[in-house]
Structures are given as C-alpha cells and as structure tokens.
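Understanding the architecture of this molecule
Spelled out, the chains give:
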Amino acid sequence: MTVKRIIVYGGRGNLGSTCVSHFKAANWWVGSIDYFKNEHADANVVIPKDLSWLEQEEHVMHELSGILDIKKINTVACVAGGWTPGNEVKSLSRHAVLTWKQFVWPSSIAASVAAKYLAPGGVLTFTGAQAALRGTPGMIGYGMAKAAVHQLTKSIGAKNFGLAQDSLVVAILPKVLDTHANRQLMPEANFSSWTPLSFVAELLLTWSKGIARPPSGSLVGLITKNNITTLVMEDELIRSVHPHKEDLEIDS
C-alpha cells in the first residue's frame, strides 16, 4: 500500500497537534514544522526562533531535503496561528511585524515546500480568517496579515502557478476555533458556535482523499451553529459578514 504523507506547518499548535494526531490515526506519515517538536509526528523540523524569514525558509528546505529525499507529499497544511489585538495606528508596525511572522512567513514557506514536494493531485491549505474579509479596527495588524494569506491562496490557486498537476490550493476561514486557550479567554461565550478542531482535521483529510474538493484558490468559511459546522464559499460568506464587535475572531 502506498504511504500517504502530510506536512503540518505549525504542528505543535492547538490545531496543528490535532491534525498530526488525526492523520496519524488514519495511517498517514506525518511531518511537523514548528518552533517546537511534536512527539507524535514521524519527523520534525524545528525552526530556531531567531532566524529571519529567508533564513527560516532555507532551514526548512534544508531539513526536509534530508527527511524526504525525493519522496513526494500528498498534503501540506499550514495551520500556524495566533492572535494579536491592536487598534492604535502608532503601534501598527509593531503588531504588523508580529502577525506577519505568525501567518505570512509560514504560509509563504509552506508554498515553497509544496512547490518542491507536492505530488500530483496534492493539497496545499492555508488558514485565513472571516474577519479579514472586512475591516478589522480592533486588530489591524492581524487583519492585514490574514488578508495577505487570502491573496496568496488565490494567486497560488490560479492556473499555471507551478504546483504539481491537479493540485488543490485552498484557505479555510474559521470564525472561532474551540480551543482550551479560547475558552479561558472567553469563558462566557457560546461554545456551540465555535468550530471543533476535529472538524477541521477531518475536513483536511477529506480533501486530501480527493473528496468534495472546492475549486482551487477558494476561500472556504467554517460556520458553526448549535455544534454543527457547514462550509460557506467566499461570495456567500462576504454577504453574511457584518462589522459587529462580537464577530472578531481568534483562530488558534
């Protein structure tokens, strides 16, 4: 039986750890890229925190060359996350630097990994944000970085980008993910409207199997109501998003 392989970028975070465990349970080979090692992964690339953007990419590609050699990957899932509030223009640059490092650096490097290692019919996923479909006055740097991930998804998902034939490039856009950290931060929230991490992991596995895939370059919203999550495509999602304070999201 042919071994299926996935690289989880952000494999020690809340969502990343769930993806690592979920794909391992499905008998996939799983590699993790993160600042910390995931003991459950088959292989780890641990990134030194003091490296620049280009140095991080060089480190990741060098380490993967030793781990994979000429082997191909079926899925590259970039689920690196975090959240940084900030609504002061005077602090914008500081917040933007942090969120760019949290979201845009990993997404860019994951794209480079996919360009070299993704097998025909493979999947490259990013993590966007519903909030970034509009203005984010309470978290300006965050919104900037997530909007950049959306743009990256659409650009790489276009035809003739250079990925393997029949590849799928897609970004998931959660509102709030149901993590322990988020429950501590918002203990009075309605948890039935938060998307379970297990749903996201199973969705990525489904797409990785070639089932119910959206068009490449899609932004796919995750809408959870009464503990039931549905997928909403970008056009419908934009129509449903309103700039209310309670719509601000945290996705890690």
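Up top is the structure.
On a predicted model such as this, the values are computed, not experimentally measured, just so you know. (Residues numbered from 1 in each chain as written. Predicted model: local features only at pLDDT ≥ 70, side-chain atom pairs only at ≥ 80, totals over all residues. Heavy atoms only, no water.)

1. Points about the nonpolar core
Membership of the largest hydrophobic core comes to 41 residues, with the highest contact counts inside it found for Y9, I33, V60, L64, V76, L124 and F126. A total of eight residues in this core trace back to one element, the largest contributor, which is helix α3 (residues 92–117). When neighbours within four sequence positions are excluded, L64 is seen to be in contact with I7, I33, V45, D69, V113 and Y117. (Core = buried A, V, L, I, M, F, W, Y, C linked by side-chain atoms within 4.5 Å. Buried < 20%, exposed > 50% of the residue type's maximum accessible area, 1.4 Å probe, protein only. Helix = DSSP H or I, 4+ residues; strand = E, 2+ residues; numbered from the N terminus. Contact = heavy atoms within 4.5 Å.)

2. Topic: helix α4 (residues 140–156)
Between its terminal C-alpha atoms α4 stretches 25 Å, which fits the 24 Å expected from 17 residues at 1.5 Å a residue. Along α4, the positions that sit buried rather than exposed are G141, Y142, G143, A145, K146, V149, H150, T153 and I156. Looking at the packing, one finds that the buried side of α4 touches α3, β5 (118–127), β6 (168–173) and β9 (218–225). (Expected span 1.5 Å × (residues − 1).)

3. Describing the packing of aromatic side chains
Within this structure, the stated rule accounts for four aromatic pairs. Here F191 and W194 contribute two aromatic rings whose centre-to-centre distance is 4.9 Å and whose plane-to-plane angle is 65°, an arrangement assigned as edge-to-face. For F191, a relative accessible area of 23% translates into the label partly exposed. Positioned above the aromatic ring of F103 is the side chain of K146, whose terminal nitrogen or guanidinium carbon lies 4.1 Å from the ring centre. (Phe/Tyr/Trp six-rings, centres within 6.5 Å; stacked < 30°, edge-to-face > 60°. Lys NZ or Arg CZ within 6 Å of the ring centre and 35° of its normal.)

4. Examining the pattern of salt bridges
Applying the stated criterion across every chain yields a total of three salt bridges. Here D42 and K24 are joined by a salt bridge, their closest N and O atoms 2.9 Å apart. Of this pair, D42 sits in the loop between β2 (29–34) and β3 (43–46) while K24 sits in helix α1 (residues 14–25), and the two are 18 residues apart along the sequence. Residue class for K24 comes out partly exposed when judged on its relative accessible area of 30%. (Salt bridge = Lys/Arg side-chain N within 4 Å of Asp/Glu carboxyl O.)

5. Points about α3
For an α-helix the count is 3.6 residues per turn, leaving residues at separations of three or four pointing the same way. Taking 1.5 Å of rise per residue, the 26 residues of α3 would be expected to cover 38 Å, and the 36 Å separating its terminal C-alpha atoms lies within 8% of that figure. At W100, α3 shows its maximal kink, close to 40°. (Bend = angle between axes of the 7 residues up to and from the residue.)

6. Observations concerning the pairing of β6
By the criterion of burial, β6 is predominantly enclosed, with six of the six residues buried. Of the two faces of β6, the one holding L168, V170 and I172 and the one holding V169, A171 and L173 are both buried throughout. Examined bridge by bridge, β6 and β9 share four bridges and lie parallel to one another. Looking across to β9, one finds that I172 is bridged to V220. (Pairing = 2+ DSSP bridges.)

7. Details of the packing of α3 against α4
Between α3 and α4, the shortest axis-to-axis distance is 7 Å and the interhelical angle comes to 25°. The angle between α3 and α4 places the two elements in the roughly parallel class. As for how α3 packs across α4, the hand of that crossing is right-handed. Along the contact surface, α3 presents L92, H95, A96, T99, W100, F103, V104, S107, S108 and A111, while α4 presents I140, G141, Y142, M144, A145, K146, A148, V149, L152 and I156. The class makeup of the residues in the contact of α3 with α4 is 14 nonpolar, five polar and one charged. (Axes fitted to C-alpha atoms, helices over the stretch in contact; angles between N-to-C directions. Parallel < 35°, antiparallel > 145°, perpendicular 65-115°, else oblique. Left-handed = near helix turned anticlockwise from the far one by under 90°. Nonpolar A, V, L, I, M, F, W, Y, C, P; charged D, E, K, R; others polar.)

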